[in-house]
Amino acid sequence: MMARRCLPVAVALLAAAGALAQQPADPLQLVGQSPPTVPVPAPPVPRAVTDDVRRARNYPEQPPVIPHAIDGYQISLRNNQCLTCHARQFIEGSGAPMISVTHFMDRDGQVLADVTPRRYFCNACHVPQTDTQPLVPNTFRDALRTR
Ligand code: HEC
Ligand code: HEC
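Nothing here was measured: the structure is a model prediction, and the numbers come from that model. (Residues numbered from 1 in each chain as written. Chains lettered and ligands numbered in written order. Predicted model: local features only at pLDDT ≥ 70, side-chain atom pairs only at ≥ 80, totals over all residues. Heavy atoms only, no water.)

S.K.: Requested: an account of the coordination of the iron atom of ligand 2, with residues and values cited.
M.R.: Coordination of the iron atom of ligand 2 by the protein involves His103 (NE2) and His126 (NE2), with metal-donor separations of 2.0 Å. Seen from the iron atom of ligand 2, its six donor atoms lie at angles of 88 to 178°, and the figure they make is octahedral. Taken as a pair, His103 in the segment after helix 4 (91–94) and His126 in the segment after helix 4 lie far apart in primary sequence, 23 residues in all. In this pair, the class of His103 matches that of His126, namely buried. (Donors = N, O, S within 2.8 Å, 3.2 Å for Na, K, Ca; no water. Tetrahedral: all angles 85-135°; square planar, octahedral: opposite > 155°, others 65-115°. Helix = DSSP H or I, 4+ residues; strand = E, 2+ residues; numbered from the N terminus. Buried < 20%, exposed > 50% of the residue type's maximum accessible area, 1.4 Å probe, protein only.)

What follows is the structure, encoded as structure tokens:
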């Protein structure tokens with residue numbers, strides 16, 4: 001009786017395992033085509049896209065990507081170079097877009113006078129771009145551009 005009840009479960013599990021095994025599991029895709037134990041010269045670091053053109057966001061909540069160089073822009077406990085241009089009080093001089101109001105909200109939704117600690121480390125969300133091929137395929141499609 002018990003065994004008969006377990007059989008469909010076992011079959012389903014086997015089918016799931018089979019489906020998993022069919023996934024292309026290629027651990028080398030992320031580390032390159034050579035075996036991880038073989039030393040190879042590092043590829044050149046691709047140049048950052050620095051054309052100053054603000055990119056459209058792929059979905060409304062996407063942190064916009066950075067269209068300028070960020071080399072040497074330090075972010076430390078006492079100093080945040082990004083804010084020297086993007087803070088509310090400096091945008092008139094810098095011409096940079098102001099950090100949006102969400103950057104002033106604490107976790108309770110209270111709007112603070114200055115940037116909230118949870119938005120202080122800009123690069124946790126905003127990244128510069130390089131003109132390179134993606135390491136792994138990506139099938140993301142914008143909901144508004146489905147064709
Ligand atoms: C010298 C001033 C300056 C500094 C410093 C600076 N930015 Fe910018 N940033 C700009 C300007 C101006 C723009 C508008 C586009 C352009 O001209 O590149 C911009 C655009 C951006 C955008 C795109 C916004 C959008 O809506 O598309 C992001 C994101 C951004 N910066 C993040 C950063 C981060 C993160 C840092 C620190 C690592 C930083 N910026 C440092 C001036 C600056
Ligand atoms: C936790 C993630 C996160 C961090 C950290 C963060 N941002 Fe953002 N940022 C976002 C998101 C998400 C958006 C778009 C939606 C929004 O405004 O909240 C955004 C929007 C922006 C914009 C565009 C504003 C506009 O009105 O178009 C700028 C400029 C920006 N961020 C700069 C910064 C700077 C400078 C810092 C560091 C002081 C920073 N961000 C830290 C997530 C983050």
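S.K.: Requested: an account of the site of ligand 1, with residues and values cited.
M.R.: The environment of ligand 1 is formed by 20 residues, the closest being Asp52, His68, Cys82, Cys85 and His86. Contact between ligand 1 and Arg54: an oxygen atom at 2.7 Å from a side-chain N or O atom of the residue. The separation between an oxygen atom of ligand 1 and a polar side-chain atom of Arg57 is 3.5 Å. Grouping the amino acids of the shell around ligand 1 by side-chain chemistry returns 11 nonpolar, six polar and three charged. (Near = heavy atom within 4 Å. Polar contact = N/O pair within 3.5 Å; in protein donor to acceptor, adjacent residues only side chain to side chain. Nonpolar A, V, L, I, M, F, W, Y, C, P; charged D, E, K, R; others polar.)

S.K.: Quick rundown of the site of ligand 2? Include the residues and the values.
M.R.: Taken together, 23 residues sit near ligand 2, with Ser100, His103, Cys122, Cys125 and His126 positioned nearest. One nitrogen or oxygen atom from the side chain of Ser100 is found 2.3 Å from an oxygen atom belonging to ligand 2. Between a nitrogen atom of ligand 2 and a side-chain N or O atom of His103, the distance comes to 2.8 Å. Classifying every residue of the shell around ligand 2 gives 11 nonpolar, seven polar and five charged.

S.K.: An account of the side chain of Thr116 is requested, with residue identities and associated values reported.
M.R.: With respect to the helices, strands and loops of the structure, Thr116 is situated in the segment after helix 4. Residue class for Thr116 comes out buried when judged on its relative accessible area of 3%.

S.K.: Outline the confidence of the model for the chain, listing residues and values.
M.R.: Model confidence for the chain is summarised by a mean pLDDT of 84, while 77% of its residues fall at 70 or above. The least confident element of the chain, judged by mean pLDDT, is helix 1 (residues 2–22) at 50; the most confident is helix 3 (residues 83–86) at 98. (pLDDT = per-residue confidence, 0-100.)

S.K.: Let's hear about the pattern of salt bridges: which residues, and what values?
M.R.: On inspection of all chains with the given rule, the structure shows one salt bridge. For the salt bridge of Arg55 with Asp51, the shortest nitrogen-to-oxygen distance reads 2.7 Å. The class for Arg55 is partly exposed, based on a relative accessible area of 36%. (Salt bridge = Lys/Arg side-chain N within 4 Å of Asp/Glu carboxyl O.)

S.K.: Tell me what's going on with the coordination of the iron atom of ligand 1, and back it up with residues and numbers.
M.R.: Taken together, the protein ligands of the iron atom of ligand 1 are His68 (NE2) and His86 (NE2), with distances of 2.0 Å. Around the iron atom of ligand 1 sit six donor atoms; with metal-centred angles ranging over 88 to 179°, the donor geometry is octahedral. Taken together, the positions of His68 in the loop between helix 2 (28–31) and helix 3 and His86 in helix 3 put the pair 18 residues apart, joining distant regions of the chain. His68 gets classed as partly exposed once you look at its relative accessible area, which sits at 25%.

S.K.: Can you break down the side chain of Asp142 residue by residue, with the values?
M.R.: Among the secondary structure elements, Asp142 is positioned in the segment after helix 4. For Asp142, the side chain forms a polar contact with the main-chain nitrogen of Leu144, separated by 2.9 Å.

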